[in-house]
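# Notes for the structure review
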Amino acid sequence: RNIEACARSVLASDYPRLEVIVVDDHSTDGTGDIVRRLAAEDARLRVVQAPDLPEGWFGKQWACQTGARAATGDVFCFTDADTRHGRELLSRSVGAMRARGADLFSVAGHQEARSFWEKVIQPFVFSILLSRYGGLEAMSRSTKPLDKIANGQFILMARGTYAALGGHESVKDHVAEDLRLAQLVTARGMKAHMLLARDHLSTRMYTSLAEIRRGWGKNVYAAGRDTLPLGPVTAKIFPWIFPLPALLPLLPLLCLALGALGVWGEAALFFGAVTSVATLLYYAGVYAFSRLNPLWALTYPLAALTFSGICAEAAWRGSKVEWKGRG
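In this report, we go over the structure that sits alongside the text. Remember, predicted model here, so these are calculated numbers, not experimental data.

To describe two helices that pack against each other, one gives the angle between their axes and the distance between the axes. Across the interface, helix α5 (residues 116-133) lies against helix α13 (residues 300-317) with an axial gap of 9 Å and an inter-helix angle of 75 degrees. The orientation of α5 relative to α13 falls into the category roughly perpendicular. Seen from α5, the contacting residues are F116, W117, V120, I121, F124, V125 and I128; seen from α13, they are Y300, L302, A303, A304, T306 and F307. Classifying every residue of the contact of α5 with α13 by side-chain character gives 12 nonpolar, 1 polar and no charged.

Below, the structure is given as structure tokens:
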């Protein structure tokens, strides 16, 4: 459902010397047939069949490594099949990477949300991620590996940088390979930058609650572990506390309810009312920034409970991950 629109958007780029490689990772749904038809129409596009997945690798990393081996260019751009690229995206990104002296450059695009559950959950999740890193510019300026992140939907690296890192083999066993690549670049003394490009890149990650549950459940816990300096004791505690941050926005409502019941008195009622209104206004801004009606902010308690449940399920599952039918 995604590949043709994605490939055509990339081929429409104004970048002057473009080579597009689509890695067919053992698709069985006609995706390979679609891209082979497109390749027959445009010589800039090639289809590469991914070899069987080696032991110890995740599928996406193996596909990216396969594509990189087939590439002939000096700059690699790794992108996902559910993205849509603006005509100037690649040119602007390569220019920004060079102007900033970045060794890894990534962008955050617009996250499309069309169904009810997408509109409820997606803005809420991305607000948590943004608060964790304090904004993209702060993240880009940081020299601490644990403060770094990248968006696997669009990552740029020069061929030499990619080779020096060891390619995707260096992160072959990490679910959140984009996060780990940014951390690895920083740990090597190089620069990882990320900018907002909502008018140039768009992605519809999931289309239903079932896809949201599988998608975020796949990587949210593993990524969370990679962003914290966990020791032997904290590693054991982490699964139990991991679902709790998603529930923090509900504390003002809890305080308001307890105050209304007379448990903590009028002071609690006043505090709960003020902080509940402030929280609602904050999420009105979050949903508006996501290009949705601010009234969707009224659903943030539902988003908090649902996403916390997804986090709890992911923490319970631990390191066992399955995606697209493969463990």
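Our focus in this paragraph is the nonpolar core. Counting residues in hydrophobic clusters, the biggest one holds 29 residues, and the most contacted among them are F124, W216, F242, Y283, Y287 and F307. For this core, the secondary structure elements donating two or more residues are α5, α9 (209-226), α12 (265-289) and α13. For F242, the residues in contact, after removing those within four places along its chain, are V220, Y221, G224, C311 and A315. Grouped together as the second largest cluster of nonpolar side chains are 23 residues, L18, L90, V94 and V107 included.

Attention shifts here to the packing of aromatic side chains. What the rule picks out here adds up to 11 aromatic pairs. Seen from their ring centres, F76 and Y162 are 5.5 Å apart, and the 75 degrees between their planes marks the pair as edge-to-face. Residue F76 is found in strand β3 (residues 75-79), and its partner Y162 is found in helix α7 (residues 159-165); the two are separated by 86 residues along the sequence. Pair check on accessibility: F76 and Y162 agree, each one buried. For the ring pair F116 and W117, a centre distance of 5.3 Å and an interplane angle of 85 degrees mean the geometry is edge-to-face. Exposure remark for F116: the relative accessible area of 42% places this residue in the partly exposed category. Within the aromatic cluster, the residues linked to one another by ring pairs are F124, Y282, Y283 and Y300. The cationic tip of R198 hangs over the ring face of F289; the distance from NZ or CZ to the ring centre is 3.9 Å.

As paired elements, strand β1 (residues 20-24) and strand β2 (residues 45-49) share 5 bridges and run parallel to each other. Across the sheet, the residue bridging to V20 is L45, located in β2. Following the chain from β1 across helix α2 (residues 31-41) to the adjacent parallel β2, one finds a crossover that is right-handed.

Adjacent strands of a sheet pair through backbone hydrogen bonds, lying either parallel or antiparallel. Read across the sheet, 4 strands follow the order β3-β7-β5-β8 without closing on themselves; strand pairing throughout is mixed. Either end of the sheet is taken by a strand with one partner, and the two such strands are β3 and β8 (192-196). Averaged over all pairs of adjacent strands, the angle between strand axes in this sheet comes to 20 degrees, irrespective of strand direction. Pairing geometry for strand β5 (residues 104-108) and β8, over 5 bridges, is parallel. Residue pairing across strands places F105 opposite H193, the latter belonging to β8. Across the sheet, helix α4 (residues 89-100) touches β3, β5, β7 (154-158) and β8, and the angle it forms with β7 is around 50 degrees.

Quick look at the side chain of T203 now. Positionally, T203 belongs in strand β9 (residues 201-203). When its relative accessible area of 1% is taken as the criterion, T203 is described as buried. Looking at T203, its side chain comes within polar contact range of the side chain of Q153, at 3.1 Å. If we skip the residues at most four places from it in the chain, T203 touches D82, T83, H110, Q111, E112 and Q153.

Bringing the pattern of salt bridges into the picture now. By the definition in use, this model includes 17 salt bridges. Linking D199 and R291 is a salt bridge whose minimum nitrogen-to-oxygen distance equals 2.8 Å. With D199 in the loop between β8 and β9 and R291 in the loop between α12 and α13, this residue pair connects regions lying 92 residues apart in the sequence. If you follow the salt bridges from partner to partner, you end up with E4, R8, R37 and E41 in one network.

Moving on, we come to the sheet that holds strand β6 (residues 110-111). Read from one edge of the open sheet, 3 strands run β4-β9-β6, paired in mixed fashion. Each of the sheet's edge strands pairs with one partner strand only, and the pair in question is β4 (83-85) and β6. Alignment of β4 against β9, held across 3 bridges, turns out to be antiparallel. Bridge assignment links T83 to a residue of β9, and that residue is T203.

The rules we used
Residues numbered from 1 in each chain as written. Predicted model: local features only at pLDDT ≥ 70, side-chain atom pairs only at ≥ 80, totals over all residues. Heavy atoms only, no water. Axes fitted to C-alpha atoms, helices over the stretch in contact; angles between N-to-C directions. Helix = DSSP H or I, 4+ residues; strand = E, 2+ residues; numbered from the N terminus. Parallel < 35°, antiparallel > 145°, perpendicular 65-115°, else oblique. Contact = heavy atoms within 4.5 Å. Nonpolar A, V, L, I, M, F, W, Y, C, P; charged D, E, K, R; others polar. Core = buried A, V, L, I, M, F, W, Y, C linked by side-chain atoms within 4.5 Å. Buried < 20%, exposed > 50% of the residue type's maximum accessible area, 1.4 Å probe, protein only. Phe/Tyr/Trp six-rings, centres within 6.5 Å; stacked < 30°, edge-to-face > 60°. Lys NZ or Arg CZ within 6 Å of the ring centre and 35° of its normal. Pairing = 2+ DSSP bridges. Right-handed = clockwise from strand over helix to strand, strands pointing away. Polar contact = N/O pair within 3.5 Å; in protein donor to acceptor, adjacent residues only side chain to side chain. Salt bridge = Lys/Arg side-chain N within 4 Å of Asp/Glu carboxyl O.

It is worth stressing that arrangement in space is one thing and function is another; only the former is reported here.
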